[in-house]
Amino acid sequence: MDKLKVIIPKEEIAQRLTELAAEIRKDYKGENPLLIGVLKGSFVFMSDLIRAMNIPAEMDFVRLSSYGAGKESSGKIKLIKDVEIPIKDRHVLVVEDIVDRGLTVRFLLDYLSFRKPASLKLCAMFDKPSGRKVEVPIDYVGFTVPDAFVVGYGLDLDEKFRYLPDLCILEEQN
Ligand code: IMP
């Protein structure tokens, strides 16, 4: 049996989201940025962020395989769904739920930069720096989280817990 422990309550998430959105709105003033969400985890964050930003932004999604079943990752990143909107000369902001090893976003940023966007930045709601294997500059970070497997606010374990409004640690019970 697993026990959930709230580490970031929904009120704190909402507060930080407002701050992040204000910062991004200021930086993209007068632009029409293209937000690219990484499915599935980022869909909750993306939908909150794009409304809180409240500027004429467009959105698209990619899907990458990184984690297999459970908490372990295969280590190999594959593109399963590509962007549909052309990104050449666009101001692109990648929206990710969590950066852990950094492999997923490193792969995606390299892939997208090849298509010559006008600019390419990364926004991650959660950053787990203790897990980092490759360096990735994160332009906008919501929260730094501890070295633990977290669920909720779009993040899952085998497709469970995405619906939880708070960010939680899954504590294993014996
Ligand atoms: P990485 O940065 O390449 O290790 O992978 C990031 C992806 O792994 C995220 O988009 C999540 O889908 C998943 N991930 C990493 N850490 C966690 C976690 O603590 N909970 C749930 N998913 C996670």
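Residues numbered from 1 in each chain as written. Predicted model: local features only at pLDDT ≥ 70, side-chain atom pairs only at ≥ 80, totals over all residues. Heavy atoms only, no water.

### Brief notes about the site of the ligand
Reasoning step 1: Contacts to the ligand come from 17 residues, most closely from Asp 100, Arg 101, Gly 102, Thr 104 and Val 150.
Reasoning step 2: Here Asp 100 contributes a backbone N or O atom positioned 2.9 Å from an oxygen atom of the ligand.
Reasoning step 3: Gly 102 places a main-chain nitrogen or oxygen 2.8 Å from an oxygen atom of the ligand.
Reasoning step 4: If the ligand stood free it would expose 500 Å²; the protein chains cover 93% of that surface.
Reasoning step 5: Where the shell around the ligand is concerned, the elements lending two or more residues are strand E3 (58-67), strand E5 (91-99) and helix H3 (103-113).
Reasoning step 6: Here the residues of the shell around the ligand are counted per class, giving eight nonpolar, three polar and six charged. (Near = heavy atom within 4 Å. Polar contact = N/O pair within 3.5 Å; in protein donor to acceptor, adjacent residues only side chain to side chain. Areas by Shrake-Rupley, 256 points an atom, 1.4 Å probe, with all protein chains shown as cover. Helix = DSSP H or I, 4+ residues; strand = E, 2+ residues; numbered from the N terminus. Nonpolar A, V, L, I, M, F, W, Y, C, P; charged D, E, K, R; others polar.)

### Thoughts on unusual backbone geometry
Reasoning step 1: That bond from Leu 39 to Lys 40 is cis: its omega, -5 degrees, falls within 30 degrees of zero.
Reasoning step 2: Tracing the backbone through its elements, the reader meets Lys 40 in the loop between strand E2 (34-39) and helix H2 (43-53).
Reasoning step 3: Even without glycine at this site, Lys 116 takes up a positive phi of about 55 degrees.
Reasoning step 4: The class of Lys 116 is exposed, set by a relative accessible area of 55%.
Reasoning step 5: Unlike most non-glycine residues, Asp 158 shows phi in positive territory, near 50 degrees.
Reasoning step 6: Mapped onto the elements, Asp 158 comes out in the loop between strand E8 (150-151) and strand E9 (167-172). (Buried < 20%, exposed > 50% of the residue type's maximum accessible area, 1.4 Å probe, protein only.)

### Digging into the packing of aromatic side chains
Reasoning step 1: Under the definition given, this model contains three aromatic pairs.
Reasoning step 2: Ring centres of Phe 107 and Tyr 111 lie 6.4 Å apart, and the angle between their planes is 0 degrees; on these two criteria the pair is classed as stacked. Linking Phe 107 with Tyr 111, this pair stays in helix H3, spanning four residues, or about one helical turn.
Reasoning step 3: A ring pair is formed by Phe 126 and Tyr 153, whose centres lie 6.2 Å apart and whose planes are at 85 degrees; its orientation type is edge-to-face. Highlighted residues: Phe 126 in strand E6 (residues 119-127) and Tyr 153 in the loop between E8 and E9, separated in sequence by 27 residues.
Reasoning step 4: We classify Phe 126 as buried; its relative accessible area is 1%.
Reasoning step 5: Three or more aromatic residues link up through ring pairs in this structure, and these residues are Phe 126, Phe 143 and Tyr 153. (Phe/Tyr/Trp six-rings, centres within 6.5 Å; stacked < 30°, edge-to-face > 60°.)

### Here's the deal with the nonpolar core
Reasoning step 1: Core analysis: the largest hydrophobic core is formed by 30 residues, its most contacted members being Phe 45, Leu 49, Met 125 and Phe 126.
Reasoning step 2: For this core, the element with the highest residue contribution is H2, accounting for six residues.
Reasoning step 3: When neighbours within four sequence positions are excluded, Phe 126 is seen to be in contact with Ile 8, Ile 13, Asp 97, Ile 98, Val 99, Phe 143, Val 145, Tyr 153, Leu 155 and Leu 167.
Reasoning step 4: Of all hydrophobic cores here, the second largest spans 19 residues; its members include Leu 34, Ile 36, Val 94 and Val 105. (Core = buried A, V, L, I, M, F, W, Y, C linked by side-chain atoms within 4.5 Å. Contact = heavy atoms within 4.5 Å.)

### Re the pattern of salt bridges
One side chain can pair with another of opposite charge once the charged atoms of both are near each other.
Reasoning step 1: Here the structure, examined in full by the defined rule, presents 15 salt bridges.
Reasoning step 2: One salt bridge in this structure joins Asp 48 and Arg 51, with 3.3 Å as the shortest N-O distance. With Asp 48 and Arg 51 both in helix H2 and three residues apart, the pair spans about one turn of that helix.
Reasoning step 3: Asp 48 sits in the partly exposed class, given a relative accessible area of 24%.
Reasoning step 4: Within the structure, one salt-bridge network assembled from shared partners comprises Lys 40, Asp 156, Glu 159 and Arg 162. (Salt bridge = Lys/Arg side-chain N within 4 Å of Asp/Glu carboxyl O.)

Nothing here speaks to function; it is all geometry.
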